[in-house]
Amino acid sequence: MTDDERIAEEVVVDGLTFVPFLKRDEIRRQVKRVASELRRDLEGKRPLFICVLNGAFIFAADLIRECGINDCSVTFVRYKSYEGMSTTGNVKQLVGLTEDLTGRDVVIIEDIVDTGLTAKQMIADIKKQGPESVRFVTLLHKPASSKTGFTPDYAAFTIPPSFIIGYGLDLDGKVRNLKDIYVIKE
Ligand SMILES: O=P(O)(O)OC[C@H]1O[C@H](OP(=O)(O)OP(=O)(O)O)[C@H](O)[C@@H]1O
Ligand SMILES: Nc1nc2[nH]cnc2c(=O)[nH]1
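Residues numbered from 1 in each chain as written. Chains lettered and ligands numbered in written order. Predicted model: local features only at pLDDT ≥ 70, side-chain atom pairs only at ≥ 80, totals over all residues. Heavy atoms only, no water.

- Where an unreviewed UniProt entry is consulted, the protein appears under the name Hypoxanthine phosphoribosyltransferase, with the organism given as Lepagella muris.

Below, the structure is given as structure tokens:
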């Protein structure tokens, strides 16, 4: 059986039904594309990758390995604002940085930019710490949901404004383990 044949036709979480949206092969292809763009733009630099927990852990692990920049560092922050399928509008930093960002070339790695509230607050927090440069990369971007006008520097996928799960993205903490991305069935 190939990897592709194991994709579930639907996933039910807390009584909600989700159907396949982005399959693992396509995710892998787009992660490779973004990694090659980053490799090109970071040539000669020693980037500090900041993975935004919890949702970005799987994307960050795949992306950082694809980038193949041995002279990089990796660290983590944690921000939270969603309950169920909606933002509370209150973006809380639950885990912060201990690294000195002065003069560093920072690459923030997110799983999704939806309203853009988390991205905007995080970038403001990081810029206060004196980095040389800040790049923002996301797996998924939903421009039609934006409340901030924020646009990421790199996006693996631009998607419509429906709620999705899998490949790190959760519904109330569940189903982050799914290898494919699923969208809510309307
Ligand atoms: O653009 P926004 O509307 O701000 O949404 C994006 C944020 O939502 C998710 O975080 P969440 O609060 O669900 O925490 P999690 O990463 O732990 O799932 C995601 O990981 C982003 O950080
Ligand atoms: N799981 C999940 N988390 C999000 N956070 C912001 N948008 C989304 C989404 O579509 N799915």
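## Overview of the site of ligand 2
And step 1. Neighbouring residues of ligand 2: Y82, I112, D114, K142, S162, F163, I164, L169 and D170.
And step 2. Taking K142, its side chain carries an N or O atom lying 2.7 Å from an oxygen atom of ligand 2.
And step 3. Measuring from a nitrogen atom of ligand 2, one finds a backbone N or O atom of I164 at 2.7 Å.
And step 4. Protein contact buries 93% of the 280 Å² of open area that ligand 2 shows by itself. (Near = heavy atom within 4 Å. Polar contact = N/O pair within 3.5 Å; in protein donor to acceptor, adjacent residues only side chain to side chain. Areas by Shrake-Rupley, 256 points an atom, 1.4 Å probe, with all protein chains shown as cover.)

## Remarks on the site of ligand 1
And step 1. In the vicinity of ligand 1 there are 18 residues, among which Y82, E110, D111, T115 and T118 approach most closely.
And step 2. Here D114 contributes a backbone N or O atom positioned 2.8 Å from an oxygen atom of ligand 1.
And step 3. Between ligand 1 and R176, the relevant distance is 3.2 Å, taken from an oxygen atom to a side-chain nitrogen or oxygen of the residue.
And step 4. For ligand 1, the accessible surface in isolation is 500 Å², of which the surrounding protein chains cover 96%.
And step 5. When residues of the shell around ligand 1 are traced back to their parent elements, those giving at least two are strand 4 (73–83), strand 6 (105–113) and helix 3 (117–127).
And step 6. Grouping the amino acids of the shell around ligand 1 by side-chain chemistry returns six nonpolar, six polar and six charged. (Helix = DSSP H or I, 4+ residues; strand = E, 2+ residues; numbered from the N terminus. Nonpolar A, V, L, I, M, F, W, Y, C, P; charged D, E, K, R; others polar.)

## Notes on the environment of I159
And step 1. Among the structural elements, I159 can be located in the loop between strand 8 (154–158) and strand 9 (164–165).
And step 2. Accessibility expressed as a relative area gives 6% for I159, which makes it buried.
And step 3. Along the backbone, I159 and N54 are 105 residues apart, and their C-alpha atoms lie at a distance of 21 Å.
And step 4. Sequence-distant contacts of I159, defined by excluding residues within four places in its chain, comprise F21, L140, H141, K142, P143 and I164. (Buried < 20%, exposed > 50% of the residue type's maximum accessible area, 1.4 Å probe, protein only. Contact = heavy atoms within 4.5 Å.)

## Digging into the packing of helix 1 (residues 24–41) against helix 2 (residues 57–67)
And step 1. The contact between helix 1 and helix 2 brings their axes to 8 Å, and the two run at 50°. Viewed along their axes, helix 1 and helix 2 adopt a mutual orientation that is oblique. Remark: the crossing between helix 1 and helix 2 carries right-handed chirality. In contact with V31, K32, V34, A35, L38 and R39 of helix 1, helix 2 contributes F59, D62, L63, E66 and C67.
And step 2. Taken together, the residues of the contact of helix 1 with helix 2 break down into seven nonpolar, no polar and four charged. (Axes fitted to C-alpha atoms, helices over the stretch in contact; angles between N-to-C directions. Parallel < 35°, antiparallel > 145°, perpendicular 65-115°, else oblique. Left-handed = near helix turned anticlockwise from the far one by under 90°.)

## What to know about the side chain of R104
And step 1. Inspection of the secondary structure puts R104 in the loop between strand 5 (86–95) and strand 6.
And step 2. One buried charged residue, R104, remains without a salt bridge, the closest side chain of opposite sign being D105 at 6.6 Å.
And step 3. Residue contacts for R104: discarding those within four places in its chain leaves R46, P47, L48, S73, P131, E132 and S133. (Lys, Arg positive; Asp, Glu negative; His and termini not counted. Salt bridge = Lys/Arg side-chain N within 4 Å of Asp/Glu carboxyl O.)

## Here we look at the packing of aromatic side chains
And step 1. A full pass over the atoms with the stated rule returns two aromatic pairs.
And step 2. Judged by centre distance (6.5 Å) and plane angle (55°), the rings of F18 and F163 are tilted. Taken as a pair, F18 in strand 2 (residues 16–22) and F163 in the loop between strand 8 and strand 9 lie far apart in primary sequence, 145 residues in all.
And step 3. We classify F163 as buried; its relative accessible area is 15%.
And step 4. Pairing F136 with F150 gives two aromatic rings, centres 5.0 Å apart and planes at 75°, and the pair type is edge-to-face. Of this pair, F136 sits in strand 7 (residues 133–141) while F150 is found in the loop between strand 7 and strand 8, placing the two residues 14 residues apart along the sequence. Of the two residues, F136 and F150, both sit in the buried class. (Phe/Tyr/Trp six-rings, centres within 6.5 Å; stacked < 30°, edge-to-face > 60°.)

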